[in-house]
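Single-letter residue listing:
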There are 2 protein chains.
Amino acid sequence: MGRSGLVARREEAVLSTPAEFRRWWEERRGARRMRVTEVGLHALERWHVDPVTGNLGHTSGRFFTVEGLGVRVAGASRHAHPVINQPEIGVLGLLVRDIDGVPHCLVQAKEEPGNIDGPQLSPTVQATRSNHTRVHGGRRPPHLEHFVGPGRGEVLVDVLQSEQGGWFWRKRNRNMVVRVPGPVPVDDNFRWLPLPLLHALLRVDNLVNMDTRTVLACMPLPVGRGDRESAADDPLTRSFHPDAPARHTTADLLSWFTEAKTWCDWSARLIPLAEVPGWSITGGRLVDDRRRDFAVLGLRVEAGGREITGWDQPLLRPPGPGSAVLVIRPIEGVTHVLVQARPEYGLLDTVEMAPSHQWLPGADRSLIGDPFTVTIPGLGHGEPPGGPVRHDVVLSEEGGRFHEALTRYRIVEVGEDFPLDLPPAFRWATAAQLTGLLRHGHYLNVEARTLLACLRALVIAPPAG
Amino acid sequence: MGRSGLVARREEAVLSTPAEFRRWWEERRGARRMRVTEVGLHALERWHVDPVTGNLGHTSGRFFTVEGLGVRVAGASRHAHPVINQPEIGVLGLLVRDIDGVPHCLVQAKEEPGNIDGPQLSPTVQATRSNHTRVHGGRRPPHLEHFVGPGRGEVLVDVLQSEQGGWFWRKRNRNMVVRVPGPVPVDDNFRWLPLPLLHALLRVDNLVNMDTRTVLACMPLPVGRGDRESAADDPLTRSFHPDAPARHTTADLLSWFTEAKTWCDWSARLIPLAEVPGWSITGGRLVDDRRRDFAVLGLRVEAGGREITGWDQPLLRPPGPGSAVLVIRPIEGVTHVLVQARPEYGLLDTVEMAPSHQWLPGADRSLIGDPFTVTIPGLGHGEPPGGPVRHDVVLSEEGGRFHEALTRYRIVEVGEDFPLDLPPAFRWATAAQLTGLLRHGHYLNVEARTLLACLRALVIAPPAG
């Protein structure tokens, strides 16, 4: 193919306006090819329950297993629940490229078996290690060579970040952003979107998927600030500036966070699923006796557009939607974000910084003691304080592992009457401090990362009106 | 006590010269009060072997346990060995204070049951959480209030760092440096040493203990550079400068390190000690059938000067001394350190940066595959390349858990004939880059931290001659 062919493809592959995006998206929704049917865990092909441990796994030994997570205090077992164990590290990779001075991201329309409503916008590459090595016999995901090959582009982000500590055992994925100098050949599932437009789409329910959100949050600031330099006096814009005066130095923030890890009196470990009391496979689903927590379903997937044409797999279905609220408040002319140190049994490093309020239905957190449980009046029961709601959207968690897992994400701005001195599990930080910490793993949990991306949307793609 | 009393104590408690240090140290050695006798694991008071799991633990459920570590590849068990599991996070805290413009550190002469030759220099505080909460009925460690209390001094360092991944299960301690404005009352076991003198003592065999070394390595650079500004043109001094030109940007270094974590095809978990094949308690010791790896001994400790007057405990005894070598080389006028990405089964985050060469006797690393095993010619078998040896010392690992665990630490300088392009597990970094990463956990392993402290000694306390 000649040079003009590539240029022609580039023109097609760039969507500059919401209207262009909508047209392409309707087309993609029309091309849906995935059908999902619940067949029950015992009927899953190539999956089996280990007769000794009760663990649910793939016959290849790859992908993931459903095992037990046991929590101990002073050496005694105190709580257990099932957990998804996926030790392999996958790649969540976003290609970026400057077009007329504006960074554009190469996104993909991707169907996942757990999605509630058709395809969602995924990063350029979303590949488990089993994908790379083609354990399930499919083809190698397109564009992977830009992230793991020799001669790849300029690496802007490359960091392991955690996923849901309530459902996963120490899961991390490799969040990557790579800059390429020019066009790359793409098919109809891929399009370049301007970074501001991609952020604006974070206001649409169940559109931008979890993997895209976490990668966007990790994007370093010069790329992320985009073309809004004119608004540099706005407290929120200033919050994203590395030199903005912060209420706490980063050294103090790190010290507070280190101390919070020492508050945990429990430790968690993997145990055989058969040893998790009160859970059983009933009616083809792994459920707890009181049907209060999540269930693990056995699904059959038929698809035309993915690596292979069909497969069976378990998916975790939560009992209802979760909630995550970020409280923001200007402090001396700089917007600060209220984070909390939040332990989750399945996190690799026990505690990460979470949104101001985070609630997951069904989860037993009874062993999480003081000072973590000392909350802020008005924030303890899921309803945000009464300031203006700057962002309010329902977004889906990872559709490859979770079935219709929805979280309502809100950003609420409070005024100067909101207290600055808060219980020990809470801290104010600037957006730049949090973005700086995202160069490293183990700091912000996946819900906080989603909300940090939504916060940036307020700066680089402010809502109309 | 009046103000003059405090001043008098301060004068006594400051040791400014090697001769003053030696005098105090001989006195401390004369005051040794710890006696250690091997009684065998089954005879240990308040420790027992769990009849179901075979794990060895304290009757309180506190301190630590000896359990099994199992390594799996693709879901199948492939290797196992015993491991020390200590989920509690302790404090390793060093107080610093400026006297006549020179930072001084408050160190302690501390006996530990595993020490090879009497007391060693420990940080101001070395306290497990069981110490704080006084599970063993002793008194609270002196000076702890400077690290965990309200109204503590200025926190310079507060970070969780790993310990030996070959022997511990995901052990971390809280490395802290706190600056106080003036004297604090101390007893005969404590003395203030100038930071350069403390670094010079890193050249004495088995004197500066592991906990002091790891805290020193984490100390931020302005404090650590001390009074040697005149030598700023020296390539090694420049290496500690944050703006020194580095062969790889920190972003590239982080990307390389993230990628190295994805090379691991195995995963590790705790298993019951009874399920570790080839190991048994024989003759009162936990040993492997071929007596090639470490042994766990059961010891009785009698002591007058510690929290309580006696206790029993297991200690891990390695089969022989280990070796850790740091290769350094000037690159364009800045000394660079050669680190390797090294997986250890017991590390929380799988891989950390290790010295250029690290060897632990007895350890089975057969599941550590390529590219980790592709070593550098001349570095593969423990003998460093032939450049000048800048540092050569035998130091002890943690005497509270290990019995006579010695490591020979060397820093070897190579010239411009040493290759710059190396196998994928290796990278050149400046001392400032590595010190910057030590603001965070999970980056440098404990052996690399010891060698980074020794490297700083070459700058702030150059050897005579």
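Up top is the structure these notes are about.
An account of the accompanying structure is given in this report. (Residues numbered from 1 in each chain as written. Chains lettered and ligands numbered in written order. Predicted model: local features only at pLDDT ≥ 70, side-chain atom pairs only at ≥ 80, totals over all residues. Heavy atoms only, no water.)

**Some remarks on the overall build of chain A**
Note the following rule: Helix and strand labels come from DSSP, where a helix needs a run of H or I of at least four residues and a strand needs a run of E of at least two; each type is numbered from the N terminus. What the globule rule says is 2.2 Å times the number of residues to the power 0.38, and the radius of gyration is computed from C-alpha atoms. Relative accessible area decides the class of each residue, using a 1.4 Å probe on protein chains only: under 20% of the type maximum gives buried, over 50% gives exposed, and in between gives partly exposed.
Looking only at helices and strands, one finds 11 helices and 25 strands in chain A. The C-alpha radius of gyration computed for chain A amounts to 22 Å, which stays within 12% of the reference 23 Å derived for 465 residues, consistent with globular compactness. Along the three orthogonal principal directions, the C-alpha set of chain A runs to about 60 × 60 × 40 Å. A burial count over chain A gives 62% of its 465 residues as buried.

**Examining the relation of the copies chain A and chain B**
For clarity, the cut-off: In this comparison the copies share one frame, found by least squares on the C-alpha atoms of residues holding pLDDT of at least 70 in both. We call two residues in contact whenever any of their non-hydrogen atoms come within 4.5 Å of each other.
Once turned by 180° and shifted 0.0 Å along the axis, chain A lies on chain B with an RMSD of 0.0 Å. Here the transformation between the copies is reduced to the relation of a two-fold axis. Taken as a fraction of all interface residues of chain A, those also at the interface in chain B reach 100%, which identifies the copy contact as same-surface.

**Digging into helix α2 (residues 18-30) of chain A**
Residue and element names in this part refer to chain A. In plain terms, the rule: The span one expects for a helix is its residue count, reduced by one, times 1.5 Å. Note that the arc is defined by the directions from the helix axis to the C-beta atoms.
Counted at 1.5 Å a residue, the expected span for α2 with its 13 residues is 18 Å, and the 18 Å between its end C-alpha atoms agrees. F21, W24, W25 and R28 are the residues of α2 that are buried. When α2 is viewed along its axis, its buried side chains cluster within an angular range of 105° and face the same direction. Set apart from the buried face of α2 by more than 90 degrees, the exposed residues are R22, R23, E26 and G30. On its buried face, α2 is in contact with β7 (102-110), β8 (120-122), β13 (190-194) and α5 (195-200).

**Brief notes about the pattern of salt bridges**
This is how it is decided: Whenever Lys or Arg places a side-chain nitrogen within 4 Å of a carboxyl oxygen from Asp or Glu, that contact is recorded as a salt bridge.
Tallied over the full model, the rule gives 46 salt bridges over all chains. Put simply, R247 of chain B and D421 of chain B hold a salt bridge, and the shortest N to O gap is 3.1 Å. Remark: D421 of chain B occurs in the loop between β24 (406-413) and β25 (426-430) and R247 of chain B occurs in the loop between α8 (235-239) and α9 (250-262); sequence separation between them is 174 residues. Residue classification places R247 of chain B among the partly exposed positions, given a relative accessible area of 34%. Beyond isolated ion pairs, a larger network of salt bridges with shared partners links R152, D158 and R174 of chain A together with E259 of chain B.

**A look at the interface of chain A and chain B**
So the rule is basically this: Accessible-area loss on putting two parts together, using a 1.4 Å probe and summing over both, is the definition of buried area adopted here. Each polar contact in these results corresponds to two N or O atoms within 3.5 Å; when the atoms are within protein, one needs to be able to donate a hydrogen and the other to accept it, and residues that are neighboring in sequence are counted only if both atoms are side-chain atoms.
Contacts between the two partners involve 37 residues from chain A, matched on the other side by 37 residues from chain B. On the chain A side of the interface with chain B, the three residues burying the most area are T262, R269 and H440 of chain A, jointly 15% of the side's total. Our count for the contact surface shared by chain A and chain B stands at 10 salt bridges. In this structure, E259 of chain A and R174 of chain B form a salt bridge, with 3.2 Å as the shortest nitrogen-oxygen distance. The interface formed by chain A and chain B contains 17 residue pairs in polar contact (both at pLDDT 80 or more). Those elements that provide at least two residues to the side of chain A that touches chain B are β10 (154-162), β12 (172-179), α9 (250-262) and β14 (266-271) of chain A. Here the element with the most residues in the side of chain A that touches chain B is α9 of chain A; it accounts for 8 residues.

**A closer look at the pairing of strand β16 (residues 285-288) of chain A**
All names here are of chain A. What counts is decided by this rule: Should DSSP find at least two bridges between two strands, the strands are regarded as paired.
Bridging between strand β15 (residues 279-282) and β16 involves 4 bridges; their strand directions are antiparallel. Considered in β16, the bridge of T282 is made with R285. Connecting the antiparallel pair β15 and β16 is a turn made up of 2 residues, with G283 showing a positive phi of about 60°.

**A closer look at unusual backbone geometry**
Residue and element names in this part refer to chain A. Here the residue pair D370 and P371 is connected by a cis peptide bond, since its omega of -5° sits within 30 degrees of zero. Here P371 is to be found in the loop between β22 (357-359) and β23 (389-396). Its identity as a non-glycine residue notwithstanding, F63 has a phi of 60°, on the positive side. As for its position among the elements, F63 is in the loop between β3 (56-58) and β4 (65-73). You will see that R291, though not glycine, has its phi angle at about 55°, which is positive. Note on placement: R291 falls in the loop between β16 and β17 (295-302).

**With respect to the packing of helix α6 (residues 210-218) of chain B against helix α11 (residues 446-460) of chain B**
For any two helices packed against each other, the geometry comes down to the angle between their axes and how far apart the axes lie. Residues and elements named next belong to chain B. Quick note on the threshold: Working convention: axes come from line fits to C-alpha atoms, limited for helices to the stretch in contact. Angles between N-to-C directions cover 0 to 180 degrees. The scheme is simple: roughly parallel for angles under 35 degrees, roughly antiparallel for over 145, roughly perpendicular for 65 to 115, oblique for anything else. A clockwise turn of the near helix away from the far one marks a right-handed crossing, whereas an anticlockwise turn of less than a right angle marks a left-handed crossing. When residues are sorted by character, Ala, Val, Leu, Ile, Met, Phe, Trp, Tyr, Cys and Pro go into the nonpolar class, Asp, Glu, Lys and Arg into the charged class, and all the rest, Gly among them, into the polar class.
Between α6 and α11, the least distance of the axes is 8 Å, while the angle of their chain directions is 70°. Relative to α11, α6 is oriented roughly perpendicular. As α6 packs across α11, the resulting crossing turns out to be left-handed. Contacts between α6 and α11 pair M210, R213, T214, L216, A217 and C218 from the former with V446, R449, T450, L452, A453 and R456 from the latter. Along the lines of polarity and charge, the residues of the contact of α6 with α11 split into 7 nonpolar, 2 polar and 3 charged.

**Topic: the packing of aromatic side chains**
Describing an aromatic ring pair means giving the distance of the ring centres and the angle of the ring planes. Put simply, the rule reads: Here the aromatic set is Phe, Tyr and Trp, taking the six-membered ring for Trp, and pairing holds for ring centres within 6.5 Å; pairs whose planes are under 30 degrees apart are stacked, those over 60 apart are edge-to-face, and all others are tilted. Working rule: Lys NZ or Arg CZ, within 6 Å of ring centre, within 35 degrees of ring normal, means a charge sits over the ring.
Under the defined criterion, the tally for this structure stands at 24 aromatic pairs over all chains. Note on F21 of chain A and W25 of chain A: the rings are 5.6 Å apart at their centroids and 20° apart in plane angle, and the pair reads as stacked. Remark: W25 of chain A and F21 of chain A occur in helix α2; sequence separation between them is 4 residues, near one turn of the helix. We classify F21 of chain A as buried; its relative accessible area is 4%. Under the relative-accessibility criterion, W25 of chain A is labelled buried at 7%. Ring geometry for F418 of chain B versus W428 of chain B: centroids 6.0 Å apart, planes at 85°, classification edge-to-face. Linking F418 of chain B in the loop between β24 and β25 with W428 of chain B in strand β25, this pair joins segments that are 10 residues apart in sequence. The buried category is assigned to W428 of chain B, whose relative accessible area is 1%. A network of ring pairs unites the aromatic residues F21, W24 and W25 of chain A as a single cluster. Above the ring of F168 of chain A, the side-chain terminus of K171 of chain A is found at 4.0 Å from the ring centroid. Over the ring of W192 of chain B we find R97 of chain B, and its NZ or CZ is 4.9 Å from the ring centre.

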